[in-house]
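Survey of secondary and tertiary structure
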Amino acid sequence: MITPLLFLQLCVLSILLPPTSSAFMLSDGIFEGREDDLFAEILRDEAVSRLNQLGKVSDADGYLERTFMSPASVRAANLIRAWMEDAGLTTWVDFMGNVHGRVEGLNARAEALLIGSHLDTVVDAGIFDGSLGIISAISAIKVLKSNGTLTNLIRPVEVIAFSDEEGVRFQSTFLGSAAVAGILPVSALQISDKSGVNVQDALKENSIAITEESLFQLKYDPQSVWGYVEVHIEQGPVLEWLGFPLGVVKGIAGQTRLKVTVRGSQGHAGTVPMSLRQDPMAASAELIMLLESLCKNPKDFLSYDGHCNDSTVESLSNSLVCTVGEISTWPSASNVIPGQVTFTVDLRAMDNMGREAVLYELSNRMYEICERRSVSCIIERKHDANAVICDSELTSELKFAANAALKRITGEIQDEVPVLMSGAGHDAMAMSHLTKVGMLFVRCRGGVSHSPAEYVLDDDVWAAGLSILAFLETHM
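Residues numbered from 1 in each chain as written. Predicted model: local features only at pLDDT ≥ 70, side-chain atom pairs only at ≥ 80, totals over all residues. Heavy atoms only, no water.

1. Things to note about the overall build of the protein chain
Just so we agree on the cut-off: Strands are runs of DSSP state E lasting at least 2 residues, helices are runs of H or I lasting at least 4, and numbering of each runs from the N terminus. Restricting the calculation to C-alpha atoms gives the radius of gyration, and the globule rule supplies 2.2 Å times the number of residues raised to the power 0.38. With a 1.4 Å probe rolled over the protein chains alone, any residue whose accessible area is under 20% of its type maximum counts as buried; one over 50% counts as exposed, and the rest are partly exposed. Any two residues whose heavy atoms approach within 4.5 Å are treated as being in contact. Using the Shrake-Rupley algorithm and a 1.4 Å probe, accessible areas are obtained, with residue cover drawn only from the displayed protein chains. Charged residues are defined here as Lys and Arg on the positive side and Asp and Glu on the negative side; His and the ends of the chain fall outside this count. Note on charges: their place is set at NZ of Lys, CZ of Arg, CG of Asp or CD of Glu.
For the protein chain, the helix and strand inventory stands at 14 helices and 16 strands. Over its C-alpha trace the protein chain gives a radius of gyration of 24 Å, about what one expects of a compact globule, namely 23 Å for 476 residues. With respect to the principal axes defined by its C-alpha atoms, the protein chain has extents near 80 × 55 × 45 Å. When burial is assessed residue by residue, the protein chain has 54% of its 476 residues classed as buried. When contacts within the protein chain are restricted to residue pairs at least 6 apart in sequence, long-range pairs at least 24 apart make up 80% of them. Total accessible area on the protein chain is roughly 20,200 Å²; 51% of this is exposed by carbon and sulfur atoms. In the protein chain, 36 positive and 60 negative side-chain charges are present, and the distance between their average locations comes to 2 Å.

2. Some points on the pattern of salt bridges
Going by this rule: One side-chain nitrogen of Lys or Arg within 4 Å of one carboxyl oxygen of Asp or Glu is enough to make a salt bridge.
Per the counting criterion, the structure on display carries 24 salt bridges. A salt bridge links E104 to R102, with the shortest nitrogen-to-oxygen separation between them at 3.2 Å. With a closest N to O distance of 2.7 Å, R381 and D384 form a salt bridge. Shared partners join several salt bridges into a network, and the residues in it are E46, R50, D86 and K142.

3. Observations regarding the state of the cysteines
The line we're drawing: For this text, the term disulfide refers to a pair of cysteine sulfurs within 2.5 Å.
The tally for this structure, following the rule as stated, stands at 1 disulfide. Each disulfide pairs two cysteine sulfurs, and for C295 the partner residue is C322, the sulfurs being separated by 1.7 Å. Because the torsion about its S-S bond is -80°, the bridge between C295 and C322 counts as left-handed. Of the two residues, C295 is situated in helix α9 (residues 280-296) and C322 in strand β9 (residues 321-323); the sequence distance between them amounts to 27 residues. C390 takes part in no disulfide bond, and the closest cysteine sulfur, belonging to C444, lies 17 Å away.

4. Considering the packing of α9 against helix α11 (residues 352-372)
Selection rule: Every axis corresponds to a line fitted to the C-alpha atoms, with the helix fit spanning only the stretch in contact, and the corresponding angles, defined between N-to-C directions, vary from 0 to 180 degrees. Geometric relationships in this document are graded by angle, where less than 35 degrees denotes roughly parallel, more than 145 denotes roughly antiparallel, 65 to 115 denotes roughly perpendicular, and other angles denote oblique. By convention, the crossing between two helices is left-handed when the near helix turns anticlockwise from the far helix through less than a right angle, and right-handed when the turn is clockwise. Gly falls in the polar group here, along with every residue not listed as nonpolar (Ala, Val, Leu, Ile, Met, Phe, Trp, Tyr, Cys, Pro) or charged (Asp, Glu, Lys, Arg).
The contact between α9 and α11 brings their axes to 10 Å, and the two run at 150°. By the angle class used here, α9 and α11 are roughly antiparallel. At the point where α9 passes α11, the crossing takes the right-handed sense. The residues of α11 that touch α9, namely those facing E286, L287, L290, L291 and L294, are V358, E361, L362, R365, M366, I369, C370 and R372. When the residues that make up the contact of α9 with α11 are grouped by side-chain class, the tally is 9 nonpolar, no polar and 4 charged.

5. Brief notes about the nonpolar core
For clarity, the threshold we go by: Within this scheme, the nonpolar core is defined by two criteria: the residues are buried Ala, Val, Leu, Ile, Met, Phe, Trp, Tyr or Cys, and they are joined through side-chain atoms within 4.5 Å.
Residues F68, I80, M96, L114, M431 and L472 are the most contacted members of the largest nonpolar core, which totals 112 residues. Residue contributions to this core peak at 10 residues, all from helix α14 (residues 458-473). Sequence-distant contacts of M431, that is, excluding residues within four places in its chain, are made with L114, F162, S177, V180, A181, Y228 and V437. Formed by 27 residues, the second largest nonpolar core is a distinct cluster that contains L287, L320, V358 and M366.

6. Topic: α9
Selection criterion: The length a helix should cover is 1.5 Å for every residue beyond the first. For this quantity, the arc is that covered by the directions from the helix axis to the C-beta atoms. Distance and chemistry together define a polar contact, namely a pair of N or O atoms within 3.5 Å, with one atom able to donate a hydrogen and the other to accept it when in protein, and with adjacent residues in sequence counting only for side-chain atoms on both sides.
The end-to-end C-alpha separation of α9 is 24 Å, in line with the 24 Å expected for 17 residues at 1.5 Å each. Those residues of α9 that sit buried are P280, A283, S284, L287, L290, L291, L294 and C295. Viewed along the axis of α9, the buried residues span an arc of 120°, placing them on a single side of the element. One side-chain oxygen at the N-terminal end of α9 lies 2.8 Å from the backbone nitrogen of M281; it belongs to D279.

7. Describing the layout of surface pockets
Note the cut-off: As defined here, a cavity is a set of points on a 1 Å grid over the protein atoms alone where a 1.4 Å probe fits but cannot get out. A pocket is an open set with protein on both sides within 12 Å along at least five of seven lines, and residues line them when an atom is within 4 Å of a point. Grid points are joined across faces, edges and corners, and a volume is the space filled by probe spheres set on the points.
Considering only enclosed or pocket space, the second largest pocket measures out at about 330 Å³ in volume. Contributing elements (two or more residues each) for the lining of the second largest pocket: β13 (376-385) and α13 (427-431). A per-element tally of the lining of the second largest pocket places β13 first, with 4 residues. Within the lining of the second largest pocket, the residues separate by chemical class into 12 nonpolar, 7 polar and 2 charged.

8. Some points on the pairing of strand β2 (residues 99-103)
The test is simple: Paired strands are those between which DSSP finds at least two bridges.
Extensive coverage of β2 is indicated by the burial of 5 of its 5 residues. Residues V99, G101 and V103 of β2 are buried on one face, and the alternating residues H100 and R102, pointing to the opposite face, are buried as well. As judged from the 4 bridges shared by strand β1 (residues 90-93) and β2, these two strands associate in the antiparallel manner. Across the sheet, the residue bridging to W92 is H100, located in β2. Linking β1 to β2, which pair antiparallel, is a turn of 5 residues; within it G97 sits at a positive phi near 80°.

9. So, unusual backbone geometry
Each neighbour pair has its own omega, and for W330 with P331 the value is 5°, a cis peptide bond. With respect to the secondary-structure elements, P331 resides in the loop between β10 (327-330) and β11 (336-337). Of note, the phi angle at M69 is positive, near 60°, even though the residue is not glycine. Tracing the chain through its elements places M69 in the loop between α2 (40-54) and α3 (71-86). By relative accessible area, M69 is classed as buried at 8%. Positive phi, normally seen in glycine, also occurs at Q171, with a value near 55°. Following the sequence through the fold, Q171 ends up in the loop between β4 (157-162) and α5 (175-181). With relative accessibility at 30%, the residue Q171 sits in the partly exposed group.

10. Details of the environment of A464
Looking at the secondary structure, you find A464 in helix α14. Not counting residues up to four positions away in its chain, the partners in contact with A464 are S136, V231, L246 and V442.

11. Let's talk about helix α4 (residues 131-146)
Helix length check: α4 (16 residues) gives 22 Å between terminal C-alpha atoms against 22 Å at 1.5 Å per residue, within 8%. In terms of residue burial, α4 counts as a mostly covered element, since 14 of its 16 residues are buried.

Okay, here's the thing in structure tokens:
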């Protein structure tokens, strides 16, 4: 298993050393003559074409941006729905804008296998994050349709393209999957974006009249679901460094998002003496430096008691990451001491208790700094998700499927695919509240994600689709 510490070591080595050659570094021409047998036309060529097509569906000119219920999001949903129907699936859009495609198989009353990922993006995004998981699943099912075996599935299979995972528009992640899992509170419908439009209104603008009652109806009955599987780009450098196109996921780090608002005394930049200022910008700078110091060296800040022992601190030292990704100031003028500064905090760790200990210590020290600087400080928790351990049965099945797919592609028995931990959040975190979950990671160049530089080899897209196909074939 790739531990968090080994992950960090590999990140360093990937910078210091050139990439190693590998039998898994698939290249053009190696599999000529085998491609027809391995459905390359659907699982690679068409899948890559669809990824590029979906990557052009954007609300912005010159870069990819597709947020919850935006015009581009709706266009993307319609496109995905058409592809689902092309694969032989019965489709619908639910009250949260999620796109569903389902085949009942031999027994419509059996527990269903759910496969999904998200159709929304961050701002200035890459084309693979989220979309790869949706398209790989659709492509695998299309292969079953093309060879006449789709109806031989022993259980219903449902592909879901979730409407919101990134949380860009409403700063509340997993709107789509949380609704299906039944963990989205009614209050989420009233969360507003920067323009004052709330979630309920955004849906209404797209002819989806969600109510409190219909929100509750979105929840799937746990007894009707067999499990949830998600294919996703790794968003890290480990698979590339190891020379594997695929890896299975053992667990996903827990995460918390904060919104910190610091208020001081607005004034003239030239007339207020430094000793008399109540400057929220200077205070925010100190708060952010505190965050960095705490997350780099948690053992220097946390006390050892019944809630924080040696193993917890060690886990934090290996996995804790903290980010201030957004900051705004009012009135935001060069000659004005700000009256208010707002910034976000994204904090992630594999240990749930350790994450809570960090948040407790961080909050206390932030309030102390604000009091010393005579400014007010409000810390709001906007999102919480506990760490998730993937189901061992599903993980084993996905690992077997990935190994089988790579053997079929290369024609050789290879080393087993690696097992990794995920520092990024995924819809599988929300779906774990509904059913057992498993994840398959796909190599991405340089480990780069949330960027237009995000890239996956065409043959790695093929390997991902073939792995899902192999997984589905075990349910026939």
